[in-house]
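# Breakdown of the fold
Here is how the chains run, residue by residue.
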Amino acid sequence: EDVFAKLEIVSNSNFAMVNAGTGSVANPTGIHTNLWSDDSFHLSQSEMTEVTIKVRAADAAANDYKTAYLRIYKKSKDYSLKQVQLTYDTAAGQRVQQATVQEDNDRVYKVWISKSASNIDLEALANSLAAGVKIDGNTSYSMGGDKRNFAALTQEETVVNITVRPSDETVAPVTYQL
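Below is a summary of the structure that appears in this document. The structure presented is a predicted model; accordingly, all values stated were derived computationally and were not measured. (Residues numbered from 1 in each chain as written. Predicted model: local features only at pLDDT ≥ 70, side-chain atom pairs only at ≥ 80, totals over all residues. Heavy atoms only, no water.)

## Some remarks on the side chain of S76
Note the cut-off: Runs of H or I in DSSP of at least four residues are treated as helices and runs of E of at least two as strands, each being numbered from the N terminus. Only protein chains enter the accessibility calculation, which uses a 1.4 Å probe. A residue is then buried if its area is under 20% of the maximum for its type, exposed if over 50%, and partly exposed in between. N or O atoms closer than or at 3.5 Å make up a polar contact, with two conditions inside protein: a donor-capable atom paired with an acceptor-capable one, and, for residues adjacent in sequence, both atoms drawn from side chains. In what follows, residue pairs with any heavy atoms lying within 4.5 Å of each other are defined as contacts.
Turning to its location among the elements, S76 is positioned in the loop between β5 (66–73) and β6 (81–89). The exposure class of S76 is buried, given its relative accessible area of 18%. Within the local environment of S76, its side chain forms a polar contact with the backbone nitrogen of D78, the two atoms lying 3.0 Å apart. When near neighbours in sequence (up to four residues on either side) are disregarded, S76 contacts S128, P166, S167 and D168.

## Focus on the sheet that holds strand β4 (residues 48–56)
Paired through backbone hydrogen bonds, the strands of a sheet run either parallel or antiparallel to each other. The test is simple: Two strands qualify as a pair provided that DSSP identifies no fewer than 2 bridges between them. Angular values range over 0 to 180 degrees, each being the angle between N-to-C directions of two axes fitted as lines to C-alpha atoms, with helices fitted over their stretch in contact.
Read from one edge to the other, the open sheet built from three strands follows the order β2-β4-β5, with strand pairing classed as antiparallel. Two strands close off the open sheet at either side, each with one partner strand: β2 (17–21) and β5. Strand after strand, the sheet turns through a mean of 20° between neighbouring axes, direction not considered. Inspection of the sheet shows β2 paired to β4 by five bridges, in the antiparallel sense. Each residue of the ladder has a partner; that of A20, found in β4, is I53.

## Brief notes about the nonpolar core
Counted only if it meets this: By nonpolar core we mean a set of buried residues, namely Ala, Val, Leu, Ile, Met, Phe, Trp, Tyr and Cys, connected to one another through side-chain atoms within 4.5 Å.
Counting 20 residues, the largest nonpolar core has L81, L122, I162, V164 and Y176 as its most contacted members. Mapped onto this core, the elements with two or more residues apiece are β6, β10 (118–126), β11 (132–135), β14 (161–165) and β15 (174–177). Leave out the neighbours within four places in its chain, and I162 touches L81, V84, A124, V133, K134, I135, V174, T175 and Y176. Core analysis: the next-biggest nonpolar cluster, separate from the first, contains nine residues, I9, V18, W36 and V51 among them.

## Here we look at the pattern of salt bridges
We count it as follows: Every case where a carboxyl oxygen of Asp or Glu lies within 4 Å of a side-chain nitrogen of Lys or Arg is listed as a salt bridge.
The full count for this structure, using the stated rule, is four salt bridges. Across the pair R95 and D89 runs a salt bridge whose closest N-O atoms are separated by 3.0 Å. By relative accessible area, which is 39% here, R95 ends up partly exposed. Owing to a relative accessible area of 18%, D89 belongs among the buried residues under this scheme. For R95, the salt bridge is made with D121, and the minimal N-O distance between the two is 2.3 Å.

## As for unusual backbone geometry
Even without being a glycine, N119 presents a positive backbone phi close to 50°. Looking at the element boundaries, N119 is found in strand β10.

## Brief notes about the packing of aromatic side chains
Threshold: When the centres of two rings from Phe, Tyr and Trp lie within 6.5 Å, Trp using its six-membered ring, the rings pair. Their planes under 30 degrees apart give stacked, over 60 give edge-to-face, and anything left gives tilted. Put simply, a charge is over a ring when the Lys NZ or the Arg CZ is close to the ring centre, within 6 Å, and near the line of the ring normal, within 35 degrees.
According to the stated counting rule, one finds one aromatic pair in the structure shown. Between W36 and F41, the aromatic rings sit 6.1 Å apart at their centres with planes inclined by 80°, giving edge-to-face as the arrangement. Accessibility classification places W36 together with F41 in one group, the buried group. In this arrangement the basic side chain of R165 is found over the ring face of Y141, its NZ or CZ atom lying 4.1 Å from the centre.

## Comments concerning the environment of L43
For L43, the position within the fold is in strand β3 (residues 35–43). Along the primary structure L43 and V55 are separated by twelve residues, whereas in three dimensions their C-alpha atoms are 22 Å apart. When near neighbours in sequence (up to four residues on either side) are disregarded, L43 contacts V3, A5, T49, I72 and K74.

## Some remarks on the side chain of N19
Locating N19 in the fold gives a position in strand β2. Since its relative accessible area comes to 11%, N19 is described here as buried. At 3.0 Å, the side chain of N19 forms a polar contact with the backbone oxygen of A26. Once you skip the residues sitting within four places of it in the chain, N19 turns out to touch V25, A26, P28, H32, W36, T52, I53 and K54.

Written out as structure tokens, the structure is:
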């Protein structure tokens, strides 16, 4: 389904030149003003549309411009995890990276590590770029994925919860266990 948005980009200088679009965007020239707008900007079929914004000062050379990027994310009801990965140090000081931890059954992931493992890094990535992900112990959701370091796992941390909040907040967050 085609989705369109109204975009308006204004520089903070009345004399700057602005040009924007997707893909390869021409450098701003004298035909551009400090305002770029599109009343029916076509959003990508994918989850994210990246808009390239080029701004040039009025007294700057033709190739002297700044580039910025605007990322527009579509809301998604997807709360699934794309990947859960664990990396840790062994008692002998070797860094071990577990292959992607596999889902054992619905929303339960299992991995076995030595009791002497230390400096444990856990990373969880959502399928949806805009979903919020939070690993137990972290205070807020991170967009697209979350990381947490454990100095060592205590008896209480043998189960770690990973919560995914879809970007479409009409769907409740879902908790996975590791």
